[in-house]
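Single-letter residue listing:
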Amino acid sequence: MPYEWNISPDKPNQRHLVAWPYRSLSPRGFVWFIGITATLFLLPLLGVLGSPVLWVLLFSAVVTIAAIWFAISRNWRAMRIREDLIITPDTVQLRRMNANTHIQSWDANTHWVDLRMRPTGGPVPNYLTLSGGHRVVELGAFLTPEERKTLYGDIQEALAPHRASH
């Protein structure tokens, strides 16, 4: 799952959820992918060594490899999204760091927070929202429908003890 719960021994009544988009390619995998792709593009050029055709084919291979590098790098920047949900007996705080590192925040009283999941009819299947403090915020937009469904149950479980204590 591309999210995890952190429970601090110093703060046993606080639950901290960290969620991020799924990343299928690690930095090491990126290096291997670019290296293998470059090798596969350049290997056929051995047959035209010493010919003027080499320069045309070499140029197009380098442009293609650079375009792949750019596309994957841009995708990685988009994957910098991160959501932090902190649940305490008094407040629920959501902090979202977007790909451009702009931070959005929302908080509300734990007792009045309303967690909802719309299986259909939302912008995505199993649309997950938190509301409170006169605002509704989306949670886990980058997760799969199954992950949002599991996260819904996890958040309900994390909220339950704080609501019972009020």
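Procedures and definitions
- Each residue is numbered by its place in its chain's sequence as written, counting from 1.
- The predicted origin of the model limits local features to residues at a pLDDT of at least 70 and limits the giving and counting of side-chain atom pairs to 80 or more, whereas totals for whole chains, interfaces and linings rest on all residues.
- Hydrogens and waters are ignored; side-chain quantities use all the structure's heavy atoms.
- Paired rings are identified among Phe, Tyr and Trp, the last through its six-membered ring, by centres lying within 6.5 Å, and are further divided according to the angle between planes into stacked (under 30 degrees), edge-to-face (over 60) and tilted (the rest).
- The helix and strand labels rest on DSSP assignments: H or I over at least four residues marks a helix, E over at least two residues marks a strand, and numbering proceeds from the N terminus.
- A 1.4 Å probe rolled over the protein chains alone gives each residue an accessible area, and that area as a share of the maximum for its type sets the label: buried under 20%, exposed over 50%, partly exposed in between.
- Here the rule is simple: two strands pair whenever DSSP picks up at least two bridges between them.
- In what follows, salt bridge is the name for a side-chain nitrogen of Lys or Arg lying within 4 Å of a carboxyl oxygen of Asp or Glu.
- Any helix carries an expected span of 1.5 Å times its number of residues minus one.
- An arc is given here, and it is the one of the directions from the helix axis to the C-beta atoms.
- Residues are treated as being in contact if the distance between any of their heavy atoms lies within 4.5 Å.
- As used here, the term nonpolar core means buried Ala, Val, Leu, Ile, Met, Phe, Trp, Tyr and Cys residues forming a set that is joined through side-chain atoms within 4.5 Å.

Colleague: It is not clear to me how the packing of aromatic side chains should be interpreted in this structure. Could you clarify?
Modeller: Here the distance between the centres and the angle between the planes together describe a pair of aromatic rings. In the structure shown here, the tally under the stated rule is two aromatic pairs. With a centroid separation of 5.0 Å and 70° between ring planes, the pair formed by Phe 30 and Trp 69 is classed as edge-to-face. Remark: Trp 69 occurs in helix α2 (residues 53-78) and Phe 30 occurs in helix α1 (residues 27-42); sequence separation between them is 39 residues. Judged by relative accessible area, Phe 30 falls into the buried class, the value being 8%. For Trp 69, a relative accessible area of 44% corresponds to the partly exposed category. Through pairs of rings, three or more aromatic residues link up here, namely Phe 30, Trp 69 and Trp 76.

Colleague: I tried to follow the pairing of strand β8 (residues 135-138) on my own but got confused; where do I start?
Modeller: In summary, the side chains of a regular strand alternate between the two faces of the sheet. Across four bridges, the pairing between strand β7 (residues 127-132) and β8 is antiparallel. Considered in β8, the bridge of Thr 129 is made with Glu 138. Hairpin connection of β7 to β8: two residues between the antiparallel strands, including Gly 133 at a positive phi of 65°.

Colleague: Explain the pattern of salt bridges to me, please; I cannot follow it from the model alone.
Modeller: Here the idea is simple: oppositely charged side chains can pair when their charged atoms come close. Enumeration according to the criterion identifies three salt bridges in this entry. In this structure, the salt-bridge partner of Asp 84 is Arg 82, at a minimum N-O distance of 2.8 Å. On the accessibility criterion, Asp 84 (14% relative accessible area) is buried. By relative accessible area, which is 35% here, Arg 82 ends up partly exposed. For Arg 116, the salt bridge is made with Asp 114, and the minimal N-O distance between the two is 2.5 Å.

Colleague: In this structure, what is going on with α1? I would like to understand it.
Modeller: The periodicity of an α-helix, 3.6 residues per turn, causes residues three or four positions apart to be oriented the same way. Helix length check: α1, at 16 residues, gives a terminal C-alpha distance of 22 Å against a target of 22 Å (1.5 Å per residue), a fit within 8%. Taken together, the buried positions of α1 are Phe 30, Ile 34, Thr 37 and Ala 38. Taken around the axis of α1, the buried residues stretch over an arc of 100°, which confines them to a single face. More than 90 degrees from the buried face of α1, the exposed residues found are Arg 28, Trp 32 and Leu 40.

Colleague: Looking at this model, I keep getting lost on the side chain of Thr 129. Mind explaining?
Modeller: Mapped onto the fold, Thr 129 is located in strand β7. The class of Thr 129 is buried, set by a relative accessible area of 10%. Beyond its immediate chain neighbours, meaning those up to four positions away, Thr 129 contacts Asp 114, Leu 115, Arg 116, Val 136, Val 137 and Glu 138.

Colleague: Even after reading the chapter, I still don't get the nonpolar core, so can you show me in this structure?
Modeller: Soluble globular proteins tend to bury their nonpolar side chains together. Within the largest apolar cluster, 22 residues are counted, with the highest numbers of intra-cluster contacts made by Leu 85, Trp 106, Leu 130, Leu 139, Leu 151 and Ile 155. The set of elements that each furnish at least two residues to this core consists of β2 (15-19), β3 (82-87), β4 (91-97), β5 (103-109), β6 (114-118), β7 and α3 (145-164). With five residues, α3 is the single largest residue contributor to this core. Membership of the second largest hydrophobic core comes to five residues, among which are Phe 30, Ile 34, Ile 65 and Ile 72.

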